[in-house]
Amino acid sequence: MAKVILFDLDGTLLPMDTQQFITNYIKELAPRVGHIIDPNEFVKALLAGTDAMIKNLEPVKTNEQVFEETFLSLTSLSREDIWPTLDQFYENVFPTFSHMTSPSIKAKAVVEEALKQGFRVAIATNPVFPKSAIYHRLNWAGIDDQPFELVTVYEEISFTKPNIEYYQDICARLHVEPSECIMVGNDVQEDMVTSTLGMKTFLVEGNVIDRGKPRYQIDDRGTLGELYEKISKRQGIFK
């Protein structure tokens, strides 16, 4: 029987076009560090750092450490040169990006109903962003006040999606087996890969991301509204 529901954030509990959001985010961020580094060089180092996080499988390094090592190695900068500007950006500018999303009141209803039905809940968002950026998005979704047992952020986690190590780490932190979890997400590859570990999967429709392959088992699918109904009625994989 399932004990834990892992919720993806972007495109799932927070409806958005993720690729469009990332494109606009980089477009806004790059010029703001122009007084420190050439914006084009910054973007190259930013993307290389992100790629390094995705490929990293060393549990001794957090995603933040991996990103920092890669980013700084490709520039002539020290952490002190640019991190204060980045921190300021995430604290003051990033919150203004809420207009790029389409928050739904169903998100909070779904989480609250899951808790009401006795499920433990966690946010399994790809931890390639700082904690502040992730919590801003939880706020936009209207769920920042919910008692999540875990929210994966890049300062604390050592793996990323679609690596199964990321999900195994979550299970270890929550002291549960994968078979006791349900993964709710909108990405056919990055979220549904959990089926290979024995998790049940629910694909949230509306902002589905599907690269075509690999293909993974999808146990159920539907809108946020339909997800709410299935959780509240304990139907299907939510029994």
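Small disclaimer: the values here were computed from a predicted structure and weren't measured.

Conventions used here
- Residues numbered from 1 in each chain as written.
- Predicted model: local features only at pLDDT ≥ 70, side-chain atom pairs only at ≥ 80, totals over all residues.
- Heavy atoms only, no water.
- Helix = DSSP H or I, 4+ residues; strand = E, 2+ residues; numbered from the N terminus.
- Rg over C-alpha atoms; globule rule 2.2 N^0.38 Å.
- Contact = heavy atoms within 4.5 Å.
- Areas by Shrake-Rupley, 256 points an atom, 1.4 Å probe, with all protein chains shown as cover.
- Lys, Arg positive; Asp, Glu negative; His and termini not counted.
- Charge placed at Lys NZ, Arg CZ, Asp CG, Glu CD.
- Buried < 20%, exposed > 50% of the residue type's maximum accessible area, 1.4 Å probe, protein only.
- Salt bridge = Lys/Arg side-chain N within 4 Å of Asp/Glu carboxyl O.
- Pairing = 2+ DSSP bridges.
- Axes fitted to C-alpha atoms, helices over the stretch in contact; angles between N-to-C directions.

**A few points about the overall build of the chain**
Thought 1: Assigned secondary structure in the chain consists of eight helices and five strands.
Thought 2: Across the chain, helices and strands are ordered from the amino to the carboxyl terminus as β-α-α-α-α-α-β-α-α-β-β-β-α.
Thought 3: The C-alpha radius of gyration computed for the chain amounts to 18 Å, which stays within 12% of the reference 18 Å derived for 239 residues, consistent with globular compactness.
Thought 4: The principal-axis extents of the C-alpha atoms in the chain amount to approximately 55 × 35 × 35 Å.
Thought 5: Counting only contacts in the chain whose residues sit at least 6 apart along the sequence, the fraction spanning at least 24 positions is 67%.
Thought 6: For the chain, the exposed area adds up to about 10,800 Å²; of that, 49% sits on carbon and sulfur atoms.
Thought 7: Within the chain, one finds 24 positive and 35 negative side-chain charges whose respective centroids are separated by 7 Å.

**Some points on the side chain of Arg 137**
Thought 1: Take Arg 137: it is sitting in helix α6 (residues 131–140).
Thought 2: Residue class for Arg 137 comes out buried when judged on its relative accessible area of 1%.
Thought 3: In this view, Arg 137 contacts Leu 9, Asp 10, Leu 14, Met 16, Phe 21, Phe 94, Thr 125 and Phe 129; residues no more than four positions away in its chain are not counted.

**Here we look at the pattern of salt bridges**
Once the charged atoms of two side chains with opposite charge are near each other, the side chains can pair.
Thought 1: With the rule as written, the count across this model stands at 18 salt bridges.
Thought 2: Ionic pairing is found between Asp 51 and Lys 55, a salt bridge with its closest N-O pair at 3.0 Å. Residue Asp 51 and its partner Lys 55 are both found in helix α2 (residues 39–55); the two are separated by four residues, about one turn of the helix.
Thought 3: Residue class for Asp 51 comes out partly exposed when judged on its relative accessible area of 35%.
Thought 4: Taking the shortest distance from any N to any O, the salt bridge between Asp 220 and Lys 230 comes out at 2.9 Å. With a gap of 10 residues between them, Asp 220 in strand β5 (residues 220–222) and Lys 230 in helix α8 (residues 224–232) connect regions that are remote in the sequence.

**A look at the sheet that holds strand β2 (residues 120–123)**
Thought 1: Read from one edge of the open sheet, five strands run β2-β1-β3-β4-β5, paired in parallel fashion. What marks the edges here is a single partner per strand, and that holds for β2 and β5. For this sheet, the mean angle separating the axes of adjacent strands, direction not counted, is 20°.
Thought 2: As paired strands, strand β4 (residues 200–204) and β5 are joined by three bridges and run parallel to one another. Bridge assignment links Val 204 to a residue of β5, and that residue is Gly 222.

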